[in-house]
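Chain residues, written in single-letter form:
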Amino acid sequence: MGLSVNPAAKAARKPSALPNWIKRVRKHKHYLILLAPGIIYLLLFNYWPMFGITIAFKDFKLSEGIFGSDWAGLKWFRILFDSPDFWVALRNTLIISLYKLVFNFPAPIMLALLLNEVFHSGFKRIIQTIVYFPHFVSWVILGGILFSLFSTDSGLLEFLGISTSPLMDPGSFRSLLVASDVWKEVGWGTIIYLAAITGISPDLYDAGRMDGASRFRLIWHITLPSIAGTIVVLLILRTGHILNVGFDQIFVLYNPLVYSVADVLETYVYRVGISMGRFSFATAAGMFQSVIGLVMLLITNQISKRLTGHGIW
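Residues numbered from 1 in each chain as written. Predicted model: local features only at pLDDT ≥ 70, side-chain atom pairs only at ≥ 80, totals over all residues. Heavy atoms only, no water.

> Explanation requested: the overall build of the chain in the structure shown.
On a plain count of helices and strands, the chain comes out with 18 helices and 2 strands. Computed over C-alpha atoms, the radius of gyration of the chain comes to 27 Å, more than 25% over the 20 Å expected from 2.2 N^0.38 for 313 residues, which places it beyond the range of a compact globule. Principal axes of the C-alpha set define a box for the chain whose edges measure 110 × 75 × 35 Å. For the chain, the proportion of its 313 residues judged to be buried stands at 33%. Sequence-distant contacts in the chain: of pairs separated by 6 or more residues, those separated by 24 or more amount to 64%. On the chain, the mean spot of the 26 positive side-chain charges and the mean spot of the 17 negative ones are 20 Å from each other. (Helix = DSSP H or I, 4+ residues; strand = E, 2+ residues; numbered from the N terminus. Rg over C-alpha atoms; globule rule 2.2 N^0.38 Å. Buried < 20%, exposed > 50% of the residue type's maximum accessible area, 1.4 Å probe, protein only. Contact = heavy atoms within 4.5 Å. Lys, Arg positive; Asp, Glu negative; His and termini not counted. Charge placed at Lys NZ, Arg CZ, Asp CG, Glu CD.)

> What's the story with the pattern of salt bridges in this structure? I'm lost.
Pairing between side chains of opposite charge can happen when their charged atoms approach one another. In the structure shown here, the tally under the stated rule is 5 salt bridges. With a shortest N-O distance of 3.0 Å, Arg215 and Glu117 are connected by a salt bridge. With Arg215 in helix H13 (residues 215-226) and Glu117 in the loop between helix H7 (106-116) and helix H8 (121-132), this residue pair connects regions lying 98 residues apart in the sequence. Since its relative accessible area comes to 46%, Arg215 is described here as partly exposed. As a salt-bridge pair, Arg209 and Asp206 come within 3.3 Å of each other at their nearest N and O atoms. With Arg209 and Asp206 both in helix H12 (residues 202-210) and 3 residues apart, the pair spans about one turn of that helix. Given a relative accessible area of 46%, Arg209 falls into the partly exposed group. (Salt bridge = Lys/Arg side-chain N within 4 Å of Asp/Glu carboxyl O.)

> Which parts of the structure should I look at to understand the packing of helix H9 (residues 139-149) against helix H11 (residues 173-198)?
A pair of packed helices is captured by two measures, namely the crossing angle of their axes and the spacing between those axes. The interhelical angle for the contact between H9 and H11, taken along N-to-C directions, is 130 degrees, at an axis separation of 12 Å. With respect to their mutual orientation, H9 and H11 come out oblique. Our pair here, H9 against H11, has a crossing hand that is right-handed. Two secondary-structure elements touch here, H9 through Trp139, Leu142 and Leu146 and H11 through Ser180, Asp181, Trp183 and Lys184. Per-class residue counts for the contact of H9 with H11 are 4 nonpolar, 1 polar and 2 charged. (Axes fitted to C-alpha atoms, helices over the stretch in contact; angles between N-to-C directions. Parallel < 35°, antiparallel > 145°, perpendicular 65-115°, else oblique. Left-handed = near helix turned anticlockwise from the far one by under 90°. Nonpolar A, V, L, I, M, F, W, Y, C, P; charged D, E, K, R; others polar.)

> What is the right way to read a nonpolar patch on the surface from this model?
Judged by side-chain polarity, Val25, Leu32, Leu35, Ile39, Ile40, Tyr41, Leu42, Leu43, Leu44, Phe45, Tyr47 and Met50 come together as a nonpolar surface patch covering roughly 1200 Å² of accessible area. If you tally residues by element for the nonpolar patch, the top one is helix H3 (residues 29-47), at 10 residues. By secondary structure assignment, the location of Tyr41 is in helix H3. (Patch = residues over 30% accessible without salt bridge, like charges linked within 9 Å, V, L, I, M, F, W, Y side chains within 5 Å. Areas by Shrake-Rupley, 256 points an atom, 1.4 Å probe, with all protein chains shown as cover.)

> Is there a simple way to think about H13 in this case?
Helical geometry note: an α-helix holds 3.6 residues per turn, so side chains three or four residues apart project in the same direction. Taking 1.5 Å of rise per residue, the 12 residues of H13 would be expected to cover 16 Å, and the 15 Å separating its terminal C-alpha atoms lies within 8% of that figure. Among all positions of H13, only Leu218, Ile219, Ile222 and Thr223 are buried. The arc that holds the buried residues of H13, viewed along the axis, is 125 degrees, so those residues lie on one side. Within H13, the exposed residues directed more than 90 degrees away from the buried face are Phe216 and Trp220. On its buried side, H13 packs onto H7, H11 and H12. (Expected span 1.5 Å × (residues − 1). Arc of directions from axis to C-beta.)

> Looking at this structure, I do not really get the environment of Asn255. What am I missing?
Along the chain, the position of Asn255 falls in the loop between helix H15 (247-253) and helix H16 (259-262). Asn255 gets classed as buried once you look at its relative accessible area, which sits at 13%. Residues within four places of Asn255 in sequence aside, it is in contact with Leu167 and Met168. Within the structure, Asn255 has its side chain in polar contact with the backbone nitrogen of Leu257 (distance 3.0 Å). (Polar contact = N/O pair within 3.5 Å; in protein donor to acceptor, adjacent residues only side chain to side chain.)

Treat this as a map of the structure, not an account of what it does.
Now the structure itself:
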């Protein structure tokens, strides 16, 4: 008499034909339900609009739509690169971005280090609230405040001994941009660094104090090396936005008197492209910004990995 085999046991021993990634998806499907809104948002507002870059290679007309417009090849890129105003805007963008990188990027790091040395919790919370608050004020409001402060009727210019408003002076407009951006965003930028500092083991500081290290030595040899990875990652991400210097800030503050030093790619694209209905031209300029940002991100990441061992991938 032959032995009978249980069909259920036989099916259980049979290897599944499903790929491993499908098995993992089925196993963790409850996480996908939680991630679904974010995934849908990315697909609808980050990936689907990428199809629109095709109008950079077309003579786009609103009446004909993307599919009905004729192909133009590299026409709009040639027009863009042949425009003298484009190179002026590119130069201004790089200069302002370099200024912000040199002055604005280290500011949150230094402020986070200083706040970390404040041991009185009540006083520390007050300082954090004060420096965080400007981040939540729009540039429209801050622009109105700056225009009021530096107007000829305010008396501040006379008190400081300044004959011309920095908002109207090409020689000092960039300095005002950088200073106001530091004031607005320095507090908000400290959040990530303070979070990284709280992850440092207190035993390291205790060992340093036992060895007679001063507070400056503790910062230099323990705190900074411990948050170096965070600093490097944020620096790499910052270089990826080297051609994005803050449209809203400059658009609110600049005027025709300072176009020569303040007109950047973002405002140039708005003025010459979008406001004039030249959507293909504006898209070509935006695509140029994105490609340069991607190249800078890749280069900076590779340099960082070779020099420090830290990177974003």
